[in-house]
Amino acid sequence: MGILCVTVDLDEIRCYHNIHGLKSPVEKDSANAVYRRAIPRIAEFMEDLGIRGTFFVVGNDLIENPEAGAVLKKLAVSGHEIANHTMSHPYELTLMGEQEQSAEISGCADVIERFTGVRPRGFRAPGYNVHLGLLDKVSEQGYAYDSSVFPCPTYLAAKTVAIGAKGMLGLESRSIIGDPRVLMAPTRPYRLGREGIWTTGNGLCELPISVVTPARLPFIGTSLTMMGKPAATLLARVARRMGFVNLELHGIDFLDAKGDGLGYLAKHQPDLKISLSKKTATLRKVVKTMLDSGAQAMTLHEAAGKVFI
Ligand SMILES: [Zn+2]
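Note that the structure is predicted; figures quoted are calculated from it, not measured.

(A) Quick peek at the packing of aromatic side chains. The full count for this structure, using the stated rule, is four aromatic pairs. Summarising the aromatic geometry, the rings of Tyr128 and Phe150 are spaced 4.8 Å apart at their centres and angled 45° between planes, so their arrangement reads as tilted. Here Tyr128 is found in the loop between strand E4 (122-123) and helix H6 (132-140), whereas its partner Phe150 is found in the loop between strand E5 (145-146) and helix H7 (153-168), with 22 residues between them in sequence. Across this residue pair, the class does not change: Tyr128 and Phe150 are buried. Looking at Phe150, the relative accessible area reads 4%, which means it is buried.

(B) Geometry of the pairing of strand E3 (residues 81-84). Here E3 shows no split at all, with Glu81 and Ala83 on one side and Ile82 and Asn84 on the other all buried. The pairing of strand E2 (residues 54-57) with E3 spans four bridges and is parallel. Within E3, the position partnered with Val57 by the bridge is Asn84.

(C) A look at the environment of Ala144. Along the chain, Ala144 turns up in the loop between H6 and E5. As a C-alpha pair, Ala144 and Gly243 span 99 residues in sequence and 20 Å in three-dimensional space. Here Ala144 is in contact with Arg121, Leu204, Cys205 and His301, once residues within four sequence places are set aside.

(D) Quick peek at the coordination of the zinc ion. At this site the zinc ion is bound by Asp11 (OD), Asp11 (OD), His85 (NE2) and His89 (NE2), with donor distances of 2.1 to 2.6 Å. Positions of the donor residues of the zinc ion along the chain correspond to the pattern D-x73-H-x3-H. Highlighted residues: Asp11 in the loop between strand E1 (3-9) and helix H1 (13-19) and His85 in the loop between E3 and helix H5 (98-116), separated in sequence by 74 residues. Owing to a relative accessible area of 1%, His85 belongs among the buried residues under this scheme.

(E) Quick peek at helix H11 (residues 276-292). Look at H11: 24 Å from first C-alpha to last across 17 residues, which is about the 24 Å you get at 1.5 Å a residue. Every buried residue of H11 is listed here: Lys279, Thr280, Thr282, Leu283, Val286, Val287, Thr289 and Met290. Packed against the buried residues of H11 are E1, helix H2 (33-49), helix H8 (221-227), helix H9 (229-239) and strand E10 (244-250). Where H11 ends, the next residue or the one after it, Gly294, has phi of about 95°, a positive value.

(F) Just unusual backbone geometry, in detail. In this structure, His89 takes a positive phi of about 55° despite not being glycine. Inspection of the secondary structure puts His89 in the loop between E3 and H5. You will see that Arg216, though not glycine, has its phi angle at about 55°, which is positive. Position of Arg216 relative to the elements: it lies in the loop between strand E8 (211-212) and strand E9 (217-218).

(G) Representation of the state of the cysteines. Summed over all chains, the structure comprises zero disulfides. This cysteine, Cys152, is not joined by any disulfide, and Cys5 carries the nearest cysteine sulfur, 19 Å off. For Cys152, a relative accessible area of 0% puts it in the buried group. Cys5 supplies the cysteine sulfur nearest to Cys205, a cysteine that is in no disulfide, at a spacing of 13 Å. Overall, the relative accessible area of 8% leaves Cys205 in the buried class.

What counts as what
Residues numbered from 1 in each chain as written. Predicted model: local features only at pLDDT ≥ 70, side-chain atom pairs only at ≥ 80, totals over all residues. Heavy atoms only, no water. Phe/Tyr/Trp six-rings, centres within 6.5 Å; stacked < 30°, edge-to-face > 60°. Helix = DSSP H or I, 4+ residues; strand = E, 2+ residues; numbered from the N terminus. Buried < 20%, exposed > 50% of the residue type's maximum accessible area, 1.4 Å probe, protein only. Pairing = 2+ DSSP bridges. Contact = heavy atoms within 4.5 Å. Donors = N, O, S within 2.8 Å, 3.2 Å for Na, K, Ca; no water. Expected span 1.5 Å × (residues − 1). Disulfide = S-S within 2.5 Å.

Right under this line is the structure:
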């Protein structure tokens, strides 16, 4: 086993309203649940395991939530990497105009720098939707790596069905399906080629989100917590044979319906029905399984420095 990167997308609750096409505003108590409740839990989770992670931040959360800047600064001071997840988390980022795309990237970087003093070196697009034009902009803005590619057939199929079903119900999911050729992308780190994000060449470093087994099953927090500890442990045993693992979590993996007042969201986001203690135990076992077999935990930026010499 080689490198383990635990990465966390800090999508706030309003992002889940958008993706599920909910018209209702976010309830006041749960509006900042990711920054207020989930991040301290994740920081403790990582401290217990003795690891540092990479946190992907939505810039607007730092502007709209007066507590968020201090929470983020604390993470940065503890040695975690703070990376760019765009300014407003637009699922249709790849369909936007070129200037708007650039502004989504630079706006988020400016806010992160303002609150932490450090300019981010890594980028992840919302909803895993990227194309070469967007990543050219990421590259032009001096980033060391991108980590948006998720070559997972199960995920793409589920997303396609969900978007179609929402359309039939008259709900408007803000998500888009993206280019299915991403499924041909390598599952290990690679440099981007010029024929598509799935091709290799001499371009920007790509650190894909991990999939495991020849069926390319998703190795991400939501899937692992949904399958439960025994099955997740089996997948972790497969993953520990890989030279590089990018385990993608979300802030919401550390929240639950009952304890965090998110019952209304659980019918759209079934992972919220699983208790926080169960989810945390599953994720702890997954990370421990890999650490116990000698995996070296590090941030994505550190991994990029080791993998691409
Ligand atoms: Zn996101």
